[in-house]
Amino acid sequence: MPEAFDPEDFSFVPEGHSSAGRLERVLRRGEFAVTAELNPPDSADPNKVYERGAVFDGWVDAINATDGSGANCHMSSVGICALLTRVGYAPVMQISCRDRNRIAIQGDVLGAAAMGVANILCLTGDGVQAGDQPGAKAVFDFDCMSLLAAIATMRDEGRFMSGRPITEPPRLFLGAAINPFAPPHDFRPLRLKKKIEAGAQFVQSQYCFDVAMLETYMARVRDLGLDERCFILVGVGPLASARAARWIRTNVPGIHIPDAIIERLEGARDQSREGANICIETMQQVKEMPGVSGVHVMAYRQEELVAEIVAKSGVLKGRRPWKPEPRPGDAAVIEAAAETQRILERAQSAQTHSPHTG
Amino acid sequence: MSFKRLRKKSSLTYRPAGTSPVRRGSLRFTVRAWSVRHARALEWLYRRFAGVLLKLHGLFARIGYQRVERPVLAVEKRVKGVLFDCRMCGQCVLSDTGMSCPMNCPKSLRNGPCGGVRANGHCEVEPDMPCVWVEAWKGSRAMRDGDAILRVQPALDQSLRGSSAWLRATAMSAAAKASSGGPV
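About the thresholds
Residues numbered from 1 in each chain as written. Chains lettered and ligands numbered in written order. Predicted model: local features only at pLDDT ≥ 70, side-chain atom pairs only at ≥ 80, totals over all residues. Heavy atoms only, no water. Helix = DSSP H or I, 4+ residues; strand = E, 2+ residues; numbered from the N terminus. Expected span 1.5 Å × (residues − 1). Buried < 20%, exposed > 50% of the residue type's maximum accessible area, 1.4 Å probe, protein only. Arc of directions from axis to C-beta. Contact = heavy atoms within 4.5 Å. pLDDT = per-residue confidence, 0-100. Buried area = accessible area lost by both parts, 1.4 Å probe. Salt bridge = Lys/Arg side-chain N within 4 Å of Asp/Glu carboxyl O. Nonpolar A, V, L, I, M, F, W, Y, C, P; charged D, E, K, R; others polar. Pairing = 2+ DSSP bridges. Axes fitted to C-alpha atoms, helices over the stretch in contact; angles between N-to-C directions. Right-handed = clockwise from strand over helix to strand, strands pointing away.

Here we come to helix H4 (residues 102-114) of chain A. Residue and element names in this part refer to chain A. In this model H4 runs 18 Å from its N-terminal to its C-terminal C-alpha over 13 residues, within 8% of the 18 Å that 1.5 Å per residue would give. Along H4, the residues that are buried comprise Arg 102, Ile 105, Gln 106, Val 109 and Ala 112. Seen end-on, H4 carries its buried residues on one side only, within an arc spanning 125°. Seen from the buried face of H4, the exposed residues on the opposite side, beyond 90 degrees, are Ile 103 and Ala 114. Tucked inside the fold, the buried residues of H4 contact strand E3 (91-96), strand E4 (119-123) and helix H5 (144-156).

Okay, here's the thing in structure tokens:
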């Protein structure tokens, strides 16, 4: 089917779309989308954000800006998105219900949309006990469902929750999170249905290390016809070592890692490499799963691996997502882009020796 | 049955986590778990009770809802406090949540479990406590109208905290009945 509009013109909302963003266009075109999570800096230096964004250049369709994930304090998601949109990236702004009430959140949504943010991911948020400041007040004025509904109202009806009109409604592609790997397992697909009814158009899942469990979940999702009503991106990521995997399993809420994965890592000579291989295999498996529209790569503190993992997995089928042209003054961006290029060249030369390709 | 025996009988023993922002006695928790196990009976009882309250609407209206608020509130607080460890949010959704009060979730989620539920079905924030929503799902499966758990609940109106949900529900269903043309 021929393009009815210029795919690189992001100044308007195409027919049948709810945002002007790149991610929605990629998904609605039926491409297999790749998103990645940016590690938010503990710094007020904007170049830190650009450096961390540049490692994904040409390999991802959107970059998630986390909102105090794990209840740890970092640069805010609004701030990161403001910087990323300046360059032309397509950020997914995460909003957690933990830290702000409805007044602050609705204001942030308008601000973000004004800066060019086209995608918002609505999350409940980890409890404050998980982070570095457990003495903080947990707000939870919204839950993720009422947050979705509130933003959908702002967008579709052009009014705040109070009913007060918004002169220019935000044009947004709304997302939510799913965790197919946590109990109660039979409720999880129905919870996705609830999220879709509240306004979710795409979802990104928690880390998938158990493809069989995901398949069970997806079978139920397909039975309910939910994959037709929402784009599902499966969360994946490389484990750095067996020790790291064990630590994550006990300390990070909601991540399910089967023993078989840990044993496989333990048995490997190079555990980090094996972690990346597991991630690549998982991507290739979920790509074949009916109803899955993409992957969300969360390579916490291993972001430089993302380009290589995406390249080796072949999920893009030769498609090259948009990459920014560094402006003349952005030394950090140019340097980071060159570094990514070197990593990729190394990866491509290593590819011929890998047993996991072809 | 004495509370001591009740506690002994229950398979769930709960020690409140020292760091939780919500303090819970283990006794209150034991009764709460009992209520979820008897969700179907309580659903029936609740429906009957709502009918009784609705019959009293004329009386409430004559005395004035504001004047009956205090005595009703006193009863409601104690009854729901014992049965459900109620937090008096003022917008009761117990019949939609398997008779497990969602305000006991440390994140006060009203639409289902977060992604942090542990493999053993316990809470992310309070590792000793079974997840309020895992319980709610179990309770809802036993109930006649358990699929109400699939309804999307709006955000809580914080300004209604501490007021009587019984009276509000009664006034609202009376108004709905009046507008549909039936006798009140």
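Summing up the model confidence of chain A, the mean pLDDT is 92 and the portion of residues at 70 or higher is 92%. Counted against residues more than four places away or in other chains, residues 352-358 of chain A, with its pLDDT under 50, gives 6 contacts.

Residues and elements named next belong to chain B. With respect to the helices and strands, the residue Pro 130 is situated in the loop between helix H5 (65-84) and helix H6 (132-142). Exposure remark for Pro 130: the relative accessible area of 7% places this residue in the buried category. Once the C-alpha coordinates of Pro 130 and Arg 118 are considered, the two residues, 12 residues apart in sequence, prove to be 9.1 Å apart.

For the rest of this paragraph, the subject is the interface of chain B and chain A. With 29 residues of chain B at the contact, the number on the chain A side is 27 residues. Both faces combined, the contact of chain B with chain A buries some 2,200 Å², and carbon together with sulfur accounts for 59% of it. At the boundary of chain B and chain A, one finds 0 salt bridges. Residues belonging to the side of chain B that touches chain A are distributed by class as follows: 16 nonpolar, 8 polar and 5 charged.

Next up on the list: the sheet that holds strand E2 (residues 62-65) of chain A. All names here are of chain A. Spatial strand order, E1-E2-E3-E4-E5-E6-E7-E8: 8 strands in a closed barrel with parallel pairing. Mean inter-strand twist for the sheet, computed between neighbouring axes without regard to direction, equals 30°. For strand E1 (residues 33-38) and E2, the ladder comprises 4 bridges, and the chain directions are parallel. The partner of Ala 36 across the bridge, within E2, is Ile 63.

With that out of the way, let us pick up the pairing of E4 of chain A. Residue and element names in this part refer to chain A. Burial analysis of E4 places 5 of its 5 residues in the buried class, the great majority of the element. Every second residue of E4 is oriented toward a common face, with Asn 119, Leu 121 and Leu 123 on one face and Ile 120 and Cys 122 on the other, all of them buried. Judged from the 5 bridges that link them, E3 and E4 form a sheet pairing that is parallel. Looking across to E4, one finds that Ser 96 is bridged to Leu 123. Traced from E3 through H4 to E4, the parallel crossover comes out right-handed. Sheet topology note: the E4/strand E5 (residues 173-178) ladder contains 4 bridges and is parallel. Looking at E5, one finds that Leu 121 is bridged to Gly 175.

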